[in-house]
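What follows is the residue order along each chain.
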Amino acid sequence: MTWSIVAHDAATGTFAVAVTTCNLAVGAACPFLRSGVGAVSTQSMSNRYLGPVVLDALARGLSPQLALDSALAGDEGRGLRQIHVVDRFGRVAAHTGANCVEWCGSVAGDGFSVAGNMLANGDVVPATAKVFATRTDLALPERLMAALHAGQAAGGDRRGKQSAALVVTTTEDFPDINLRVDDHGEPLVELSRLLALWRVQAEPGQHTRPSRSNPAGLVDLDAIEAGWRARAMDLRFRR
């Protein structure tokens, strides 16, 4: 009922999860990320407790496979689960339970994993992985979106379309990008639109917000107002 990508960019330390499904609010159930540690997507009768458990295990130094094995050992519903993970070294691991609905499975790549279940056919996951692996000309968020669009074109969720999410984290305890489409006839189209808005309205001010390196963020009111005026002029010019 869902397919997703978990990815790590070794050059920047970025982690990301992009996911879509024919179910309500997939962004509330599947993606789990932790800066400097890893990214997880738990799906197919999702068990949201698994995400933090796997990330805790990665933080202790376990490999992705051992982290998955240890988390699933305590889950009596492991046959219903699909979960995959990437760590800070770009290593990946995936589990597709024996009771997941066909088509189901995963593809591993260099620093990323694509996994899905209840898909229209066996082409969805490979098509998603192929585009992600080859569209290195794109920035990571747009690359993830291009990959999901390719999976949708190959058939997508066999039940249809409803929700999608994109979460990206770099150095902070919270995501740089956290975009969700909870209920929409074309969730990937809408998520791509929101990402374009984020580029214009949110990204330019990222460096001014509180961070580990600058806990207060920008507090100079004159500089803040100057930034607002500059962005307002830019938006007016774009229109």
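Residues numbered from 1 in each chain as written. Predicted model: local features only at pLDDT ≥ 70, side-chain atom pairs only at ≥ 80, totals over all residues. Heavy atoms only, no water.

S.K.: Looking at this structure, I do not really get the pairing of strand S6 (residues 92–96). What am I missing?
M.R.: For a regular strand, side-chain orientation follows a simple rule: the groups alternate between the two sheet faces. Sheet topology note: the strand S5 (residues 82–87)/S6 ladder contains five bridges and is antiparallel. Each residue of the ladder has a partner; that of glutamine 82, found in S6, is threonine 96. Count of turn residues in the S5/S6 antiparallel hairpin: four residues, of which glycine 90 carries a positive phi of about 80 degrees. (Pairing = 2+ DSSP bridges. Helix = DSSP H or I, 4+ residues; strand = E, 2+ residues; numbered from the N terminus.)

S.K.: For this particular structure, what's the right way to read the sheet that holds S6?
M.R.: Whenever strands of a sheet pair, they do so through backbone hydrogen bonds, lying parallel or antiparallel. Taken in spatial order, the four strands line up as S3-S4-S5-S6 in an open sheet, and their pairing is antiparallel. The sheet is open, and its two edges are formed by strand S3 (31–34) and S6, each paired on a single side. Adjacent strand axes in the sheet meet at a mean angle of 10 degrees, parallel and antiparallel pairs treated alike. The pairing of S3 with strand S4 (residues 38–43) spans four bridges and is classified as antiparallel. Paired with proline 31 across the strands is serine 41, a residue of S4. Helix H1 (residues 50–59) rests against S3, S4 and S5 of the sheet, and its axis sits at about 25 degrees to S3. In the packing of helix H2 (residues 64–73) onto the sheet, the strands contacted are S5 and S6, and the crossing angle to S6 comes to about 30 degrees. (Axes fitted to C-alpha atoms, helices over the stretch in contact; angles between N-to-C directions. Contact = heavy atoms within 4.5 Å.)

S.K.: Which parts of the structure should I look at to understand the packing of helix H3 (residues 124–134) against helix H4 (residues 140–153)?
M.R.: Packed helices, taken two at a time, are described by the angle their axes make and the gap between the axes. One way to put it is that H3 packs onto H4 with a least axis distance of 7 Å and a crossing angle of 150 degrees. By the criterion of interaxial angle, the relationship of H3 to H4 is roughly antiparallel. The two elements H3 and H4 cross, and the hand of that crossing is right-handed. Contacts between H3 and H4 involve Val124, Ala127, Thr128, Val131, Phe132 and Ala133 from the first element and Leu140, Arg143, Leu144, Ala146, Ala147, Leu148, Ala150 and Gly151 from the second. Counted by class, the contact of H3 with H4 contains eleven nonpolar, two polar and one charged residues. (Parallel < 35°, antiparallel > 145°, perpendicular 65-115°, else oblique. Left-handed = near helix turned anticlockwise from the far one by under 90°. Nonpolar A, V, L, I, M, F, W, Y, C, P; charged D, E, K, R; others polar.)

S.K.: Help me understand helix H5 (residues 187–201), please; the structure alone is not making it clear to me.
M.R.: Side chains that are three or four residues apart share a direction in an α-helix, a result of its 3.6 residues per turn. With 15 residues, H5 extends 20 Å from end C-alpha to end C-alpha; this agrees with the ideal 21 Å at 1.5 Å per step. Every buried residue of H5 is listed here: Pro187, Leu188, Glu190, Leu191, Leu195 and Trp198. Within H5, the buried residues cover an arc of 155 degrees as seen down the axis, which keeps them to one side. For H5, the secondary structure elements touched by its buried residues are strand S2 (14–21), H4, strand S9 (163–169) and strand S10 (177–181). (Expected span 1.5 Å × (residues − 1). Buried < 20%, exposed > 50% of the residue type's maximum accessible area, 1.4 Å probe, protein only. Arc of directions from axis to C-beta.)

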